[in-house]
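Chain by chain, the residues run as shown.
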Amino acid sequence: MQFTTAKLFAPTLLFVEDDRSTRDLISLVIDARFPGIKLITAANGANGLELYKKHRPEIVLTDMKMPVMDGITMAKEIKQLSREAKIIILSGQTDARLLLEAIDIGISHYVLKPINQEKLQAVIKECLECSRLEQQLREQEVFIRRLSRAVEQSPVSIMITDTSGNIEYVNPRFTKLTGYSLQEAAGNKPSMLKSGQSPDDDYRRLWEIISSGGEWWGEFHNRKKDGTYYWVLTSISPIIDGDNHITHFIAFQEDITERKQAEDTIKQMAYYDALTGLPNRQLFNELMHLALAQAQRHGRLLAILFLDLDRFKVINDTLGHGVGDELLKAAALRLRECCRRDIDTVARRGGDEFIILLPDLDSVQEAVRVAQKIIVSFNRLFTLPDIELFVSTCIGISIYPDDGKDAETLIKNADMAMYRAKEQGRNRYHLYTSSMDEQALQRLTMENDLRRALQNGEFLLYYQPKINITSGRIVCFEALVRWQHPEIGLVSPNQFIPLAEDIGLIVPLGQWVLRAACRQNKSWQEMNYPPMRVAVNFSPKQFLQPMMVNMVEQVLAEEDMDPRWLEMEVTENVMLQNVDKTIDTLNRLNNLGIHISIDDFGTGYSSLSYIKKLPIQTLKIDQSFVSDIDTNKDDAAIATAVINMARSLRLNVIAEGVETVEQLKMLSDLDCQEMQGYLFSKPVSAEEVTHLLKSTEWPYLAMGHLHST
Ligand SMILES: Nc1nc2c(ncn2[C@@H]2O[C@@H]3COP(=O)(O)O[C@H]4[C@@H](O)[C@H](n5cnc6c(=O)[nH]c(N)nc65)O[C@@H]4COP(=O)(O)O[C@H]3[C@H]2O)c(=O)[nH]1
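In short, a report on the structure. (Residues numbered from 1 in each chain as written. Predicted model: local features only at pLDDT ≥ 70, side-chain atom pairs only at ≥ 80, totals over all residues.)

## Points about the overall build of the protein chain
Helix and strand counts for the protein chain come out as 27 helices and 27 strands. When the 709 residues of the protein chain are sorted by exposure, 33% land in the buried category. A separation of at least 24 residues holds for 61% of the contacts in the protein chain among residues at least 6 apart in sequence. (Helix = DSSP H or I, 4+ residues; strand = E, 2+ residues; numbered from the N terminus. Buried ≥ 20, exposed ≤ 12 C-beta atoms within 10 Å, placed from the backbone. Contact = placed C-beta atoms within 7 Å.)

## Topic: the site of the ligand
Taken together, 22 residues form the shell around the ligand, and within it Leu-480, Pro-493, Ser-539, Gly-677 and Tyr-678 come nearest. In terms of residues, the shell around the ligand owes the most to one element, helix H16 (residues 493–502), which gives three residues. Class assignment for the residues of the shell around the ligand results in eight nonpolar, nine polar and five charged. (Near = placed C-beta within 6 Å. Nonpolar A, V, L, I, M, F, W, Y, C, P; charged D, E, K, R; others polar.)

## Digging into the environment of Val-323
Relative to the helices and strands, Val-323 is located in helix H12 (residues 321–337). Among the residues examined, Val-323 registers 18 C-beta atoms within 10 Å and is labelled partly exposed. Sequence spacing of Val-323 and Asp-386 is 63 residues, and the spatial spacing of their C-alpha atoms is 7.8 Å. Not counting the four nearest positions on each side in its chain, Val-323 is found in contact with Ile-315, Leu-384, Asp-386 and Ile-387.

## Some thoughts on helix H11 (residues 312–319)
All of the buried residues in H11 are Ile-315, Asn-316 and Thr-318. Buried residues in H11 make contact with H12 and strand E15 (388–389). One or two positions beyond H11, positive phi appears at Gly-320, with a value near 100°.

## Section: the packing of helix H17 (residues 506–526) against helix H19 (residues 548–559)
Where H17 contacts H19, the axes come no closer than 10 Å and their chain directions differ by 35°. In the packing of H17 onto H19, the handedness of the crossing is right-handed. Across the interface between the two elements, Gln-511, Leu-514, Arg-515, Cys-518, Arg-519 and Lys-522 from H17 touch Met-551, Val-552, Val-555, Leu-556 and Glu-559 from H19. Class assignment of the residues belonging to the contact of H17 with H19 gives a composition of six nonpolar, one polar and four charged. (Axes fitted to C-alpha atoms, helices over the stretch in contact; angles between N-to-C directions. Left-handed = near helix turned anticlockwise from the far one by under 90°.)

## Let's talk about the nonpolar core
Note that soluble globular proteins tend to have their nonpolar side chains buried in a common cluster. Judged by nonpolar contacts, the single largest core of 65 residues is most densely connected at Val-534, Val-536 and Met-675. In terms of residues, this core owes the most to one element, H17, which gives seven residues. Beyond its immediate stretch of four places on either side in the chain, Met-675 contacts Ile-467, Ile-469, Ile-654, Ala-655, Val-658, Leu-664, Leu-667 and Phe-680. Counting residues in each nonpolar core, the second largest holds 49 residues, with Leu-327, Tyr-400, Met-416 and Tyr-432 among its members. (Core = buried A, V, L, I, M, F, W, Y, C linked by C-beta atoms within 7 Å.)

## Some words on H19
Given a rise of 1.5 Å per residue, 12 residues ought to cover 16 Å, and the 17 Å separating the end C-alpha atoms of H19 matches this to within 8%. If you check which residues of H19 are buried, you get Val-552, Val-555 and Leu-556. Summarising the axial view, the buried residues of H19 lie within an arc of 100°, below the 170-degree limit, and thus occupy one face. With respect to the buried face of H19, the exposed residues turned more than 90 degrees away are Asn-550, Ala-557 and Glu-558. Against H17 and strand E22 (566–571) lie the buried residues of H19. Looking at the residues trailing H19, positive phi occurs at Asp-560, about 55°. (Expected span 1.5 Å × (residues − 1). Arc of directions from axis to C-beta.)

## Some words on the sheet that holds strand E6 (residues 157–162)
Pairing between the strands of a sheet comes from backbone hydrogen bonds, and it takes one of two forms, parallel or antiparallel. The sheet built from five strands is open, its strands ordered E7-E6-E10-E9-E8 with antiparallel pairing. In the strand order of this sheet, the two ends are held by strand E7 (167–170) and strand E8 (216–223), each with one partner. Within this sheet the neighbouring strands show an average axis-to-axis angle of 30°, counted without direction. Relative to strand E9 (residues 229–240), E8 runs antiparallel, the two sharing eight bridges. (Pairing = 2+ DSSP bridges.)

## Examining the environment of Thr-73
Residue placement: Thr-73 occurs in helix H3 (residues 71–81). On the basis of neighbour counts, which here come to 15 C-beta atoms within 10 Å, the residue Thr-73 falls in the partly exposed class. Put simply, Thr-73 and Ala-102 are 29 residues apart on the chain and 9.8 Å apart in space, counted from C-alpha to C-alpha.

## What about unusual backbone geometry?
Peptide bonds are trans in most cases, and residues, glycine excluded, mostly fall at negative phi. Geometrically, the link from Lys-113 to Pro-114 is a cis peptide bond, its omega value of -5° lying close to zero. Cis rather than trans, the peptide bond between Tyr-400 and Pro-401 has omega equal to 5°. Tracing the sequence through the fold places Pro-401 in the loop between strand E16 (393–400) and helix H14 (407–423). Phi angles above zero are rare outside glycine, and Arg-311 is one such case at about 60°. Along the polypeptide, Arg-311 turns up in the loop between strand E11 (301–309) and H11.

## What about the pairing of strand E23 (residues 595–601)?
Most of E23 sits out of view: six of its seven residues are buried. Note that E22 and E23 share five bridges and pair parallel. The partner of Met-568 across the bridge, within E23, is Ile-596. Bridge analysis of E23 against strand E24 (residues 618–621) gives three bridges, and the strand direction is parallel. Note on E24: the bridge partner recorded for Ser-597 is Thr-618.

## Brief notes about the sheet that holds strand E2 (residues 38–42)
Sheet architecture is open: five strands sit in the order E2-E1-E3-E4-E5, paired in parallel fashion. Of all strands in the sheet, those bounded by a partner on one side alone are E2 and strand E5 (109–112). Pairs of neighbouring strands in the sheet enclose a mean axial angle of 20°, with direction left out of account. Strands strand E1 (12–16), strand E3 (59–63) and strand E4 (86–91) of the sheet are contacted by H3, whose axis makes an angle of about 160° with E3. Against the sheet, helix H5 (residues 117–153) touches E3, E4 and E5, its axis set at about 165° to E4.

Quick look at the structure:
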C-alpha cells in the first residue's frame, strides 16, 4: 500500500531576539537559505510566546537573555504548549547550569554566539527534517486508524492470510457471514469454508494467479460454521512490500447468495414448467440438440414420443382448472416413472401436451416398449385430491435418423403420428411413417377445397327419420350434411366436420345447414305433409358462439318457420362447458319453443344431478350402446340406465343407430318409444323424404314383432 501525505509541509520559524541588528542579519540568512520557510520575529520572550500561541511555528529560534521574558522562560512555556516544538537556543553564555536547564526543558539545539552561520543552517535543517517526519508520521497514524476502522466496519467480508494461506485476520463482516470469529479463524486455512461444490480447478488456478502476483476473482460456493451454504463473489490479491515481496494475501468477499437464488429461480422459470416442474419447451429443445449431436456422432437411435391426454379439455372445463392442474401434475409424475432416470427427458410443451426424448437407443422396439409402458400406466386410476379419474393418452413416435434428422422434423412427425393414434381410438401409440406426410398434404388440400365449398354451393342435406314405434309415425327428420366434392364425390361429415371446426368454417356452415333445414321443413309443411320437427346438429364451437341464439331466431324469422318445429341436437360435452352460460343459452332457446336433445348421450361425463338442471327435452342414446345391446351386457345395462333415468326426469328418450329387429325389440322391451336407424331408413335426400312421407309403412312395427316371447 502506498502512503502519501495529504497536507503539504509549509513550516514556520519564530525568531526571538532583542538585538535588532542580529535579528535582521539572521532573518536575512534564513530567508535566503530556506525560501520555503515562513519567518516571524519577536524582540522578547513575552512577545515570542504570544506569536507562538498564534502561529504554532514548527521551529523556535531564540536568544537567551532578553528583556521582559528571557529565552529559557519562554521555551518552558512553549514546551508546556507543545512537546513537539523544536527550540534552538542562541546564546553567548556557556553556563553549565543554564545548559542543563535547557536540556531538561527538551531544547533541541544550542548554538553559541558569535553565530556560525553554517552550524545554524545545519541545525535549522535538522529541525525542519525532524518536523517534517513527525508530521508525516502523525498523518500516517491518522490514516492507519481510519484504514483499520474502514476494514473493521467494511460491509464486505475481508480475510488476510500469510503467504502459506494461514488466516491472520478476518473482519467482523467475515464473522457475520461465516459464523467464525477471528479467534476461530486465525491459524486455519480458508479451505475451512469449502462446501465441496466449487470445482477444484478453480482453487488451483487461483493459487497460480495470486502467487505470481496477480489478482483473482470469481464465485465460490461455501459452507458456514453452522453447515448452511452460501455464495460469495471473491477477489483475492497479494499484498506486496517495498521490496516487491508478497507478504500476505487479502480476500474480499461479498455475499451473493440471494442473487444466486434469484438467478436459480429465473433459470427455473426460463427452463422449467412451473406447474409440473418438468423441463419446458426451451430446455427440451436445447437438450434435444445435444442428444441429436451425440446420436449422430455415435451412430445411435433416438426417439421422440409426443403425447397428450385424451379428453383433457372436457375434464378441465367440466371439473375445473384445479382438477386439470392436479391431473397434469400426476400425469407428469407417471410419465417420469416410465422413463430412464437421468437419461430420458420428459418435458411439457404446454396445455396437456408432453414430449419425451429417449436418447441412445439400440432399436425402435425400445421406444415402443416405453410407449406401451406409458399406456399401461395410464390404465391405472388417477387419484387426485378431490376426485378419482381414468385418463388415457395417445402417443406418436418418431425415430432419428429414419423419421427426421433435425429436432423440428422429428417433433412434427411425432405429433403427426400422435394424431394418427388418436384417430384410431384412445390409449394407443403410433409410429410415424412417411405416408403420413402424404396424408398431411391431403388434409391441406381438403382444407382449401372446404373453404371454397360453401361459396360453390357444394353442400347438401340428407334427412333421416326418427320414428315413434307405438304410432309408427315419423316425428322428426334429422338433417345430416353432405359435401358433394367436385372430384371425390360425396364426402361424409365425419371427414369434414372436424376439419371445418379446426379452420373456423363450422359457424357459417352450421348457419347454412340451419337455414336449409328450416327452409326444407317449411316447404314440406306448405306441401301439406303432417308437420314434423327437423333436427339440426350444432357442433360445440357453433353452440358456444356468443350470438348463436340471435342467429337462430333470425334464421327462423327469415324462413318463417315456427320454432316448435326445430330441434337442436347438441352433444353431451357441450352441455358441460361453462355450465351457467349453457343453462342460460338453453333457457333462451327453450323460451323460443325450440326442442333440445342431447346427442351421443352416455359417452360424456354427465351426472344425474347435473342433467336434472338442464332445460332439455330429449336424451339420445349413443349408437355405440345400441349396436351391441342384444349381445353385450354392459351396453344393455347402460341403455337401460339411460332409459330409466330419462323416464324419472320425464324426458323423451330416443335410440339412434337401430339396425336390427333384435335391437328394436330389446329397446321396445325397455320402453324406449322413439328410434332412428338404418332399420327404418338411411339418411336420404329431400326428394326421397317425400316418398317416405307418402308411404310410412314400417313392417317390423307390427305388434307381433315388437315384444319378445
Ligand atoms: N352405423 C349406423 N349409422 C347410422 C345409423 N343411423 C344413422 N347413422 C349415422 O349416424 C350418424 C348420426 O349422426 P350423429 O351421431 O349426429 O353424427 C353426425 C354428426 O355428429 C355430424 N354431422 C352431420 N351433419 C352435421 C351438421 O349439419 N352439423 C354438425 N355440426 N355436425 C353434423 O357428423 C356425424 C356423422 O354423420 P353421418 O355420417 O350422417 O352419420 C349419421 C348417420 O348417418 C345406423 O343405423 N347405423
